[in-house]
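So the chains spell out like this:
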Amino acid sequence: MTELFQKVRGFVKESFHNNIAQMKHFDRTVHWVKVFKPDADEAFLIAAVGHDIERAFRKKEEMVKMYGNSFKSEEGLMHHQKEGAKIIEDFLVKNSAERES
Ligand SMILES: [Fe+2]
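Keep in mind it's a predicted model, so treat the numbers as computed, not measured.

Quick notes on the overall build of the chain
Along its length, the chain carries 6 helices and 0 strands. Each helix and strand of the chain, placed in order from N terminus to C terminus, yields the pattern α-α-α-α-α-α. Relative to the 2.2 N^0.38 estimate, which gives 13 Å for 101 residues, the radius of gyration of the chain is 14 Å and therefore close to what a compact globule would have. The principal-axis extents of the C-alpha atoms in the chain amount to approximately 40 × 30 × 25 Å. Expressed as a percentage of the 101 residues in the chain, the buried residues total 31%. Of the accessible surface of the chain, which amounts to about 7,100 Å², a share of 54% is contributed by carbon and sulfur atoms. Across the chain, the 17 positively charged side chains and the 17 negatively charged ones have centroids separated by 6 Å.

The rules behind these values
- Each residue is numbered by its place in its chain's sequence as written, counting from 1.
- Side-chain atom pairs in this predicted model are given and counted only at pLDDT of 80 or more, local residue features only at pLDDT of at least 70, and totals for whole chains, interfaces and linings cover all residues.
- Values shown for side chains rest on all heavy atoms present in the structure; no hydrogens or waters enter the calculation.
- The way it works is that DSSP assigns letters per residue, a run of H or I at least four long becomes a helix, a run of E at least two long becomes a strand, and they are numbered from the N terminus.
- Each radius of gyration is computed over the set of C-alpha atoms, and the globule rule expresses the reference value as 2.2 Å times the number of residues to the power 0.38.
- Each residue gets one of three labels from its accessible area relative to the maximum for its type: buried under 20%, exposed over 50%, partly exposed in between, using a 1.4 Å probe on protein chains only.
- Using the Shrake-Rupley algorithm and a 1.4 Å probe, accessible areas are obtained, with residue cover drawn only from the displayed protein chains.
- None of His or the chain ends enter the tally, which takes Lys and Arg as positive and Asp and Glu as negative.
- Every charge is mapped onto a representative atom, which is NZ of Lys, CZ of Arg, CG of Asp or CD of Glu.

So this is what it looks like as structure tokens:
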């Protein structure tokens, strides 16, 4: 794995307070991406390991106000995806990742 991937994985691990069950989920996601797409590039693997990062920073009260109790509504899932992308993007920018690959 690349150094940048390992940094992102470390960030995810820290963000989820070293929760073993959560890390198994993210590592299994990376595993299956590699199985189904052996030529997956670094960006794809980073997306896989970081795909649920929003949950680590979720403010439940705000989410309930916006989307009710179901975070699986279309709007809730959109929020999950957009916020997660922002969090990972910020991390990558801070770690001098190149915008293009
Ligand atoms: Fe997930």
